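# Structural characterization, general
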Amino acid sequence: MISHKWQGAPTHICPGGCGITNVPYARLTCRACWNKLPANLRDAVNATYQQRHGGRKARRAHLQAILEARRWYRDRLLPPMTETTGEHDGR
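Here we summarise the structure given alongside this text. (Residues numbered from 1 in each chain as written. Predicted model: local features only at pLDDT ≥ 70, side-chain atom pairs only at ≥ 80, totals over all residues. Heavy atoms only, no water.)

This brings us to the overall build of the protein. Summing up its helical and strand segments, the protein has 3 helices and 2 strands in all. Along the protein, helices (α) and strands (β) appear in the sequence β-β-α-α-α when read from the amino end. Residues counted as buried form 23% of the 91 residues belonging to the protein. The contacts of the protein with a sequence gap of at least 6 include a subset with a gap of at least 24, amounting to 24%. When the accessible area of the protein is evaluated, it comes to approximately 7,000 Å², of which 52% is carbon and sulfur surface. (Helix = DSSP H or I, 4+ residues; strand = E, 2+ residues; numbered from the N terminus. Buried < 20%, exposed > 50% of the residue type's maximum accessible area, 1.4 Å probe, protein only. Contact = heavy atoms within 4.5 Å. Areas by Shrake-Rupley, 256 points an atom, 1.4 Å probe, with all protein chains shown as cover.)

Have a look at this one:
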């Protein structure tokens, strides 16, 4: 049996829409969804990851990079909003 360094760690659902439910909290997404993310967003998350313990500004920059990445996934997963109700049209 191969042991994985994340085995037993808390997990979350991948925000990339693939349905994977066991992404370690230390990772934003599964590998496949991470590779779908545009390089500039991946670079921003990676660049701020190492600096996230450097104070409030560094944590805020990392959080902002994560939010932008999650927004990118969300904008591609949710159906468009209807103009009349402001809700998703269910497509």
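Taken as a whole, this structure holds 1 aromatic pair when the rule is applied. With a centroid separation of 5.3 Å and an interplanar angle of 80°, the aromatic rings of tryptophan 72 and tyrosine 73 are classed as edge-to-face. Here the two residues tryptophan 72 and tyrosine 73 agree in accessibility, since each one is buried. (Phe/Tyr/Trp six-rings, centres within 6.5 Å; stacked < 30°, edge-to-face > 60°.)

If you look at soluble globular proteins, the nonpolar side chains tend to sit buried side by side. Formed by Cys14, Val23, Leu28, Cys30, Cys33, Leu37, Leu41, Val45, Ala65, Ala69, Trp72 and Tyr73, the largest nonpolar core amounts to 12 residues. Going through the elements one at a time, helix H2 (39-49) and helix H3 (56-77) are the ones with two or more residues in this core. Here the element with the most residues in this core is H3; it accounts for 4 residues. With near-sequence residues (within four places) excluded, alanine 69 lies in contact with Leu28, Leu37, Leu41 and Val45. (Core = buried A, V, L, I, M, F, W, Y, C linked by side-chain atoms within 4.5 Å.)

With that out of the way, let us pick up H2. Within the span of H2, buried status applies to Leu41, Val45 and Thr48. What you see down the axis of H2 is that its buried residues fit within an arc of 80°, all on one side. Where H2 is buried, its residues meet helix H1 (31-36) and H3. (Arc of directions from axis to C-beta.)

For the rest of this paragraph, the subject is the pattern of salt bridges. Per the counting criterion, the structure on display carries 1 salt bridge. A salt bridge links aspartate 75 to arginine 74; the nearest nitrogen and oxygen atoms lie 3.3 Å apart. A relative accessible area of 47% means that aspartate 75 is categorised as partly exposed. (Salt bridge = Lys/Arg side-chain N within 4 Å of Asp/Glu carboxyl O.)

What follows deals with the environment of leucine 28. Inspection of the secondary structure puts leucine 28 in the loop between strand E2 (23-24) and H1. Sequence-wise, leucine 28 and alanine 69 are 41 residues apart; in three dimensions their C-alpha atoms are separated by 8.9 Å. With near-sequence residues (within four places) excluded, leucine 28 lies in contact with His12, Pro15, Val23, Trp34, Val45, Ile66, Ala69 and Arg70.

Quick look at the packing of H2 against H3 now. One way to put it is that H2 packs onto H3 with a least axis distance of 8 Å and a crossing angle of 155°. What the angle tells us is that H2 and H3 run roughly antiparallel. Crossing geometry of H2 relative to H3 is assigned as left-handed. Contacts between H2 and H3 involve Leu41, Ala44, Val45, Thr48 and Tyr49 on the former and, on the latter, Ala61, His62, Ala65, Ile66, Glu68, Ala69 and Trp72. Split into classes, the residues belonging to the contact of H2 with H3 amount to 9 nonpolar, 2 polar and 1 charged. (Axes fitted to C-alpha atoms, helices over the stretch in contact; angles between N-to-C directions. Parallel < 35°, antiparallel > 145°, perpendicular 65-115°, else oblique. Left-handed = near helix turned anticlockwise from the far one by under 90°. Nonpolar A, V, L, I, M, F, W, Y, C, P; charged D, E, K, R; others polar.)

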